[in-house]
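# Observations on the three-dimensional arrangement
Now for the letters of each chain:
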Amino acid sequence: MGRVSGKVALVTGGASGIGRGCAEVLAAEGAIVVVTDVQVPMGLEVVDGIKAAGGQAVFREQNVTSEDVWRDTIAAVDEQFGRLDILVNNAGIGIGGPITEMTLEDWRKQQAINVEGVFLGTKHALPLMRRGGGGSIINISSLAGLNGAPNLAAYCATKGAVRLFSKAVALECAGLRDGVRVNSVHPGIIETPIWDGISATTAAMGTGANRIDLDAVSAMATPLGVKGFPADIANGVLYLASDESRYVTGTELVIDGGMHAR
Ligand code: NAD
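We now turn to the structure provided with this report.

Rules of the game
- Residues numbered from 1 in each chain as written.
- Predicted model: local features only at pLDDT ≥ 70, side-chain atom pairs only at ≥ 80, totals over all residues.
- Heavy atoms only, no water.
- Axes fitted to C-alpha atoms, helices over the stretch in contact; angles between N-to-C directions.
- Helix = DSSP H or I, 4+ residues; strand = E, 2+ residues; numbered from the N terminus.
- Parallel < 35°, antiparallel > 145°, perpendicular 65-115°, else oblique.
- Left-handed = near helix turned anticlockwise from the far one by under 90°.
- Contact = heavy atoms within 4.5 Å.
- Nonpolar A, V, L, I, M, F, W, Y, C, P; charged D, E, K, R; others polar.
- Pairing = 2+ DSSP bridges.
- Right-handed = clockwise from strand over helix to strand, strands pointing away.
- Near = heavy atom within 4 Å.
- Polar contact = N/O pair within 3.5 Å; in protein donor to acceptor, adjacent residues only side chain to side chain.
- 1 Å grid on protein atoms, 1.4 Å probe; cavity = no way out; pocket = protein on both sides within 12 Å on 5 of 7 lines; lining within 4 Å.
- Sits in = over half its atoms within 2 Å of the grid points.
- Core = buried A, V, L, I, M, F, W, Y, C linked by side-chain atoms within 4.5 Å.
- Buried < 20%, exposed > 50% of the residue type's maximum accessible area, 1.4 Å probe, protein only.
- Patch = residues over 30% accessible without salt bridge, like charges linked within 9 Å, V, L, I, M, F, W, Y side chains within 5 Å.
- Areas by Shrake-Rupley, 256 points an atom, 1.4 Å probe, with all protein chains shown as cover.
- Salt bridge = Lys/Arg side-chain N within 4 Å of Asp/Glu carboxyl O.
- Points joined across faces, edges and corners; volume = space filled by probe spheres on them.

## A short note on the packing of helix α3 (residues 67–81) against helix α4 (residues 104–131)
- Across the interface, α3 lies against α4 with an axial gap of 10 Å and an inter-helix angle of 25°. In terms of orientation, α3 and α4 fall into the roughly parallel class. For the crossing formed where α3 meets α4, the hand is right-handed. Mapping the contact onto sequence places E67, W70, R71, I74, V77 and D78 in α3 and G117, L120, G121, K123, H124, A125, L128 and R131 in α4.
- When the residues that make up the contact of α3 with α4 are grouped by side-chain class, the tally is six nonpolar, three polar and five charged.

Below is the structure:
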């Protein structure tokens, strides 16, 4: 019996990095996982991997910024499984650079994916979760949602928004006694492809390198001295998704090798 057996989970941005890790861990612990992403071949690969390991998963192409697509996605989950117990709002991007050079277009792109995607997912998942008697919504924020970071102001703004959105919806759901818990997760430096994009737009944080050296940065900036991996975040998400966290809502789970404590 897995820790989330019998539950249906939807993971956005599940084709890569942390989302992929969450999908794999939730499936390994017995959930049926709906993996969604804009990257179709990679998403299908994740589902094939889960099935090969004996888990249950389906893939659905989804851009989290579209309300129509969210409506269709939740309707499809309802039709196929009749319930939704876990939503991991994970899809996100990071575009760095000095604020004087940040274009309004890039600011809005991050707001659309990182913030509006979380709002829309929560809005459209809630009715189906409530119909099933409750559920767990886990929003992937960042350490950049707790602390500032140079050259990442636009990204920090989105992740701070996700943090307080999560707390507000947690209180709304608790007040309704609807059985839905809402929490945010705040990763530190995790080895995923998101750093390719961040590195490109921050010119590797002024080092002149093509990609930020995560090992070197983690050795310097992280009390534990090393970078994290998607499974480190997925294990936290698993706890918040499972009934083990039945008394936990509106909280922020920081998984960052101790960086926030400095
Ligand atoms: P990643 O680039 O590996 O994965 C992000 C996924 O989101 C990709 O598969 C991408 O295709 C998908 N995506 C992007 N735009 C989308 C859209 N409009 N609709 C649907 N899917 C979309 O990056 P990651 O590091 O795994 O990031 C996952 C989450 O974790 C993000 O919200 C990110 O901000 C957050 N995070 C990451 C780190 C880190 O160090 N990697 C740290 C803190 C927070």
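From this point, things continue past the structure.
## Looking at the pairing of strand β3 (residues 56–61)
- Alignment of strand β2 (residues 32–37) against β3, held across six bridges, turns out to be parallel. Looking across to β3, one finds that V35 is bridged to F59.
- Tracing the backbone out of β2, into helix α2 (residues 40–52) and back to the parallel element β3 gives a crossover that is right-handed.

## Points about the site of the ligand
- Around the ligand sit 28 residues in total, of which S16, I18, D37, Y155 and T192 are the nearest.
- Within the backbone of I18, an N or O atom sits 2.7 Å from an oxygen atom of the ligand.
- Here K159 contributes a side-chain N or O atom positioned 2.8 Å from an oxygen atom of the ligand.
- Using a 2 Å cut-off from the grid points, one finds that the ligand occupies the largest pocket.
- Residue assignment for the shell around the ligand shows that the elements contributing at least two residues are α1 (17–28), α5 (153–176) and α6 (194–201).
- By residue class, the composition of the shell around the ligand is 14 nonpolar, twelve polar and two charged.

## So, the nonpolar core
- Residues L26, V33, I86, V88, I138, V185 and V237 are the most contacted members of the largest nonpolar core, which totals 31 residues.
- Mapped by element, the contributors of at least two residues to this core are β1 (8–12), α1, β2, α2, β3, β4 (86–89), β5 (135–140) and α8 (230–241).
- Setting aside residues up to four positions removed in sequence, L26 forms contacts with V4, A9, V11, A31, V33, I86, V88, L238 and A241.
- With 23 residues, the next largest nonpolar core counts W70, V169, A170 and C173 among its residues.

## Topic: a nonpolar patch on the surface
- A surface patch of nonpolar side chains, about 290 Å² in accessible area, is lined by I99, L104 and W107.
- Along the chain, the position of I99 falls in the loop between β4 and α4.
- Residue classification places I99 among the exposed positions, given a relative accessible area of 52%.

## Observations concerning the layout of surface pockets
- Of the volumes computed, that of the largest pocket is approximately 1,200 Å³.
- Lining the largest pocket are 49 residues, with G94, Y155, I194, W195 and I198 positioned closest to its centre.
- Counting only elements with at least two residues in the lining of the largest pocket, the list comes to α1, α5, α6 and α7 (214–221).
- With five residues, α6 is the largest single contributor of residues to the lining of the largest pocket.
- Its residues placed into classes, the lining of the largest pocket shows 27 nonpolar, 20 polar and two charged.
- Considered as a void within the structure, the second largest pocket measures approximately 340 Å³ in volume.
- If you go around the second largest pocket, you meet 21 residues; those closest to its centre are G135, G179, V180, R181 and R246.
- Elements supplying a minimum of two residues to the lining of the second largest pocket: β5 and β6 (180–187).

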